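One-letter residues, chain by chain:
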Amino acid sequence: MTGRVEGKVAFITGAARGQGRSHAVRLAQEGADIIAVDVCKPIAANTTIPASTPEDLAETADLVKGQARRIFTAEVDVRDYDALKGAVDAGVEQLGRLDIIVANAGIGNGGDTLDKTSEYDWQEMIDVNLTGVWKSVKAGVPHLISGGTGGSIILTSSVGGFKAYPHCGSYVAAKHGVVGIMRSFAVELGQHMIRVNSVHPTHVNTPIIMNEGTWRLFRPDLDNPGPDDMAPICQLFHTLPIPWVEPEDISNAVLFLASDESRYITGVTLPVDAGGCLK
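Remember, predicted model here, so these are calculated numbers, not experimental data. Here the residue numbering is sequential within each chain, running from 1 through the sequence in written order. Side-chain atom pairs in this predicted model are given and counted only at pLDDT of 80 or more, local residue features only at pLDDT of at least 70, and totals for whole chains, interfaces and linings cover all residues. Water and hydrogen atoms play no part in the side-chain values, which are based on all heavy atoms of the structure.

Here we come to the environment of Asp260. Positionally, Asp260 belongs in the loop between helix 8 (247–258) and strand 7 (269–272). Put simply, Asp260 and Gly151 are 109 residues apart on the chain and 9.3 Å apart in space, counted from C-alpha to C-alpha. Separated by 3.0 Å, the side chains of Asp260 and Lys8 make a polar contact. Numbering of helices and strands runs from the N terminus; a helix is a DSSP stretch of H or I covering at least four residues, while a strand is a stretch of E covering at least two. Polar contacts, as used here, are pairs of N or O atoms within 3.5 Å; protein pairs need one atom able to donate a hydrogen and one able to accept it. Residues neighboring in sequence count only if both atoms are side-chain atoms.

Right, here's the structure in full:
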């Protein structure tokens, strides 16, 4: 099956690399044009995760163009509603319409227990991973409504949106909140045939976990841990015998929810978790 989102336009946040880039390329493979935004600079103070760059976003654009699809890019912080709206408006003016929103941008920080988390780290996490999701959808929804043909909105939550893990309480709180945003938008936008769902990845092979800080968090017993040292611990989270999934695994779920194959599915929390929710 090909052309599953042929002729549609998707707005994707956090598109410079990782899951966001994978979503952009996968939707482009199936016929969509892309509005891609990313902050492309460091924003989280308490993190060892390397920041995305303008070069990363340009590489995403080249990959989409390699699928013979059009792409509009902008360097935007999802905390800045006016900039988000400006990027979406400009993208729609260039590409002609909007059908799909993928609110994917997010950060990871922490390592502290919740009672030791600083107010700054808490607020930064909530502002990006929760409020930024709301602002991203808010910026795009008027175009979905005015288009008059419905649409699909997919929010990136996490297995941490279902249950708690230690040392990342602000992240867990934000990802639980994303489910509330999803369900509220689903109820409010259903009358316009706009569907709203969330995807809930487990560990994904992207820079958000493949970094020195995360390796040390999982293996504090080692002086210089790496991904191979973290893998057995990650595998304990899952029912299937794997440590993590690939970005493309999440993108396939996003594609399904974006396509007409899921035309009557809304308000659903879809885990892509190797059976992590069973534990």
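On to the packing of helix 1 (residues 18–29) against helix 2 (residues 54–65). Axis definition: a line fit to C-alpha positions, over the contact stretch in the case of helices; interaxial angles, taken between N-to-C directions, run 0 to 180 degrees. At a minimum axis distance of 9 Å, the contact between helix 1 and helix 2 shows a crossing angle of 15°. With respect to helix 2, the element helix 1 is oriented roughly parallel. Crossing handedness for the pair helix 1 and helix 2: right-handed. Taken together, the residues of helix 2 that come into contact with helix 1 (itself represented by Arg21, Ala24, Val25 and Ala28) are Asp56, Glu59, Thr60, Leu63 and Val64. Grouping the constituent residues of the contact of helix 1 with helix 2 by class yields five nonpolar, one polar and three charged. Angles below 35 degrees are treated as roughly parallel, those above 145 as roughly antiparallel, those between 65 and 115 as roughly perpendicular, and all remaining angles as oblique. Definitions for this section: a left-handed crossing has its near helix turned counterclockwise from the far helix by less than a right angle. A right-handed crossing has that turn clockwise. Contacts are assigned to residue pairs with any non-hydrogen atoms lying within 4.5 Å of each other. As a working rule, the residues Ala, Val, Leu, Ile, Met, Phe, Trp, Tyr, Cys and Pro are called nonpolar, Asp, Glu, Lys and Arg charged, and the rest polar, with Gly in that last group.

A separate point is the environment of Thr2. Structurally, Thr2 can be placed in the segment before strand 1 (9–13). Burial classes follow relative accessibility: with a 1.4 Å probe on protein chains only, a residue under 20% of its type's maximum area counts as buried, one over 50% as exposed, and anything between as partly exposed. By relative accessible area, which is 71% here, Thr2 ends up exposed. Sequence spacing of Thr2 and Glu30 is 28 residues, and the spatial spacing of their C-alpha atoms is 5.8 Å.

Counting 41 residues, the largest nonpolar core has Phe11, Ile35, Leu98, Ile153 and Leu155 as its most contacted members. No other element matches helix 4 (residues 119–147), which puts nine residues into this core. With sequence-adjacent residues up to four places away left out, Ile153 is seen in contact with Ile101, Val137, Val141, Leu144, Leu189, Ile194, Arg195, Val196 and Asn197. Note on terminology: a nonpolar core comprises buried Ala, Val, Leu, Ile, Met, Phe, Trp, Tyr and Cys residues joined through side-chain atoms within 4.5 Å.

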